[in-house]
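Examining the three-dimensional arrangement
The chain contents come next:
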Amino acid sequence: MGCIVSTPIDGGGNRRMPGNIGEVAVFVPGLRIPKSVDFSFPLAYSVSKSLVERLSVLRTRIVVMASQEAPKATRPRRRTATQHGSQLDNKIEFVWFNQEDEAEETAIWSAWYEVLSVLHLMAMLCLSEANFLLLPKTTSDGYQPKVSEENRRNSVDIFLKAAGYLECAVQQILPCIPPAVRSNLPVDLEGGVLRALCLQALGQGVDIQLGLAIDSAKATLAVKRRLACEMVKYWHQAQDSIMQVSLNSGWGQKHRLFVKWKYSEAKAAAYYYHGLILDEGNTEQSHGMAVAALQAAEEFLKERKKASEAFNSEPPISRSPPLWGTMKYLSEKIPKDTSSKLRINRDLYSHDRIIETAPVLPDFALALKP
């Protein structure tokens, strides 16, 4: 079923990671870097020479590209192996330097592990590209840094591509890996982590769509509310997935805090637009529910700030880019509109019934797919 080799960090201490990773708009776990593999000897009598050469060329490209993206000093270490005994998978040992797990290096005699690792790498590179596109850039006219509409639209396609790689990994590749091997995969390749990354890619894609809708004069409140409510569902599912995985510190804890941060943002947006629509009703009950929804939005806005600060202070240290798009708009509108609606409704009804439990958000089918 495969042979697993893990090389722990020297001294068994914390994971080795950069001290500061700069501005973060999109969470990107540490990249995993493959070691070179010699296909010629183990496959000499199994496949054609031309295919062996093709495999060698392709994997060399992966090694070079990954090494350029995430340079990491390494040195040889002694390793021991635990044999699981599959003639099919014992031909080639695939080794990847693991920046996420407690072990720096994971080696498994399984082609499925190699495919899973490559899909993960492709998805992480997509997320890294999306992060670059969504960091505000200073414009030539000297105005406040901003993210162009072109970059926002392009990032949605990149998020969908990343989600596609991750969904393929979860749905098509993980089931092919025998349980004995799957239980020894590094934590960043566990199903819960991969599903969380897939869902948060979709959630951030919807976030960009909501921002574009906010900028559009044609987008109705109903459209904005639907997008915000869909975003809540994606982040809720991402949180459920990441909570299934045992993550103690380092990148894992930072991942959880990122999901909490974005989940709070999504709920602030959803309750805000739901409150505005409820306030269009002409009854005391609808106005009271509207105020309750807007108050909930304001509370989640405060929670969002705390979660963002906790995420950025968790090693490796990071910082949030300047507010832009959806959150810049909502951070200004939510406190203002909540205060205004609360004052108006108190003048109209002058009793405490308007302060109610936040209403349930409407349940919309998820439209964005990998």
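Residues numbered from 1 in each chain as written. Predicted model: local features only at pLDDT ≥ 70, side-chain atom pairs only at ≥ 80, totals over all residues. Heavy atoms only, no water.

As recorded in an unreviewed UniProt entry, the protein chain goes by the name BRO1 domain-containing protein, listed as coming from Acorus calamus. Per UniProt, the protein chain carries the Sequence similarities (unreviewed entry) text "Belongs to the BROX family." (UniProt positions renumbered as here; feature names shortened; annotations may be inferred.)

1. A look at the packing of aromatic side chains
Under the defined criterion, the tally for this structure stands at 8 aromatic pairs. When the centroid spacing of 5.3 Å and the interplanar angle of 40 degrees are considered together, the rings of Trp261 and Phe311 count as tilted. With Trp261 in helix α7 (residues 251-278) and Phe311 in helix α8 (residues 284-313), this pair connects stretches of sequence that are 50 residues apart. For Trp261, a relative accessible area of 2% translates into the label buried. Residue classification places Phe311 among the buried positions, given a relative accessible area of 1%. By the ring-pair criterion, three or more aromatic residues cluster together here, those being Phe27, Trp235, Phe258, Trp261 and Phe311. Sitting over the ring of Phe311, Lys254 keeps its end group 4.1 Å from the ring centre. Above the face of the Trp261 ring, Lys262 is positioned so that its terminal group lies 4.3 Å from the ring centre. (Phe/Tyr/Trp six-rings, centres within 6.5 Å; stacked < 30°, edge-to-face > 60°. Helix = DSSP H or I, 4+ residues; strand = E, 2+ residues; numbered from the N terminus. Buried < 20%, exposed > 50% of the residue type's maximum accessible area, 1.4 Å probe, protein only. Lys NZ or Arg CZ within 6 Å of the ring centre and 35° of its normal.)

2. Side note on the environment of Phe97
Take Phe97: it is sitting in strand β4 (residues 94-97). Along the chain, Phe97 and Ala107 lie 10 residues apart, while their C-alpha atoms are 8.7 Å from each other.

3. Quick word on the environment of Tyr271
Checked against the element boundaries, Tyr271 lands in helix α7. Exposure remark for Tyr271: the relative accessible area of 13% places this residue in the buried category. Considering only alpha carbons, one finds Tyr271 and Arg225, 46 residues apart in sequence, at a separation of 8.3 Å.

4. Here's the deal with the side chain of Gln204
By the secondary structure assignment, Gln204 is in helix α5 (residues 191-215). Leave out the neighbours within four places in its chain, and Gln204 touches Ala25, Val26, Phe27, Phe159, Trp235, Phe258 and Lys262. (Contact = heavy atoms within 4.5 Å.)

5. Some words on helix α3 (residues 149-173)
The end-to-end C-alpha distance of α3, which contains 25 residues, comes to 35 Å, matching closely the 36 Å that a straight helix rising 1.5 Å per residue would cover. Within α3, the full set of buried residues consists of Asn151, Arg152, Ser155, Val156, Ile158, Phe159, Ala162, Ala163, Leu166, Ala169, Val170 and Ile173. Tucked into the core, α3 has its buried residues touching α2 (111-133) and α5. (Expected span 1.5 Å × (residues − 1).)

6. Looking at unusual backbone geometry
Cis geometry is found at the peptide bond from Pro315 to Pro316, where omega equals -5 degrees. Mapping Pro316 onto the fold places it in the loop between α8 and β6 (317-319).

7. Overview of the packing of α7 against α8
For the pair α7 and α8, the least separation of the axes is 7 Å and the interaxial angle reads 160 degrees. Overall, the two elements α7 and α8 adopt an arrangement that is roughly antiparallel. Of the two possible hands of crossing, α7 and α8 adopt the one that is left-handed. Its residues assigned to classes, the contact of α7 with α8 comprises 19 nonpolar, 5 polar and 6 charged. (Axes fitted to C-alpha atoms, helices over the stretch in contact; angles between N-to-C directions. Parallel < 35°, antiparallel > 145°, perpendicular 65-115°, else oblique. Left-handed = near helix turned anticlockwise from the far one by under 90°. Nonpolar A, V, L, I, M, F, W, Y, C, P; charged D, E, K, R; others polar.)

8. With respect to the pattern of salt bridges
Tallying each qualifying case throughout the model produces 13 salt bridges. Here Glu23 makes a salt bridge to Arg319, at a shortest N to O gap of 4.0 Å. With Glu23 in strand β2 (residues 20-23) and Arg319 in strand β6, this pair connects stretches of sequence that are 296 residues apart. Among the residues examined, Glu23 registers a relative accessible area of 26% and is labelled partly exposed. In this structure, the salt-bridge partner of Lys333 is Asp337, at a minimum N-O distance of 3.8 Å. A residue pair is termed a helical-turn pair when its members lie 3 or 4 positions apart in one helix, as Lys333 and Asp337 do in helix α9 (residues 325-349) at 4 residues. Assessed through its relative accessible area of 25%, Lys333 is described here as partly exposed. A single salt-bridge network, built from bridges that share partners, covers Lys262, Glu265 and Arg304. (Salt bridge = Lys/Arg side-chain N within 4 Å of Asp/Glu carboxyl O.)

9. Examining the nonpolar core
Counting 104 residues, the largest nonpolar core has Leu116 and Leu127 as the members making the most contacts within it. Broken down by element, the residue count for this core peaks at 15 residues, all from α7. Sequence-distant contacts of Leu127, that is, excluding residues within four places in its chain, are made with Val26, Phe27, Val28, Phe159, Ala162, Leu197 and Ala201. (Core = buried A, V, L, I, M, F, W, Y, C linked by side-chain atoms within 4.5 Å.)

10. Some details on the pairing of β4
The side chains of a regular strand alternate, first on one face of the sheet and then on the other. Burial of β4 is two-sided: the residues Phe94 and Trp96 facing one way and the residues Val95 and Phe97 facing the other way are all buried. Looking at chain direction, strand β3 (residues 33-34) and β4 are connected through 2 bridges and run antiparallel. For Ile33, the partnering residue across the bridge sits in β4 and is Phe97. (Pairing = 2+ DSSP bridges.)

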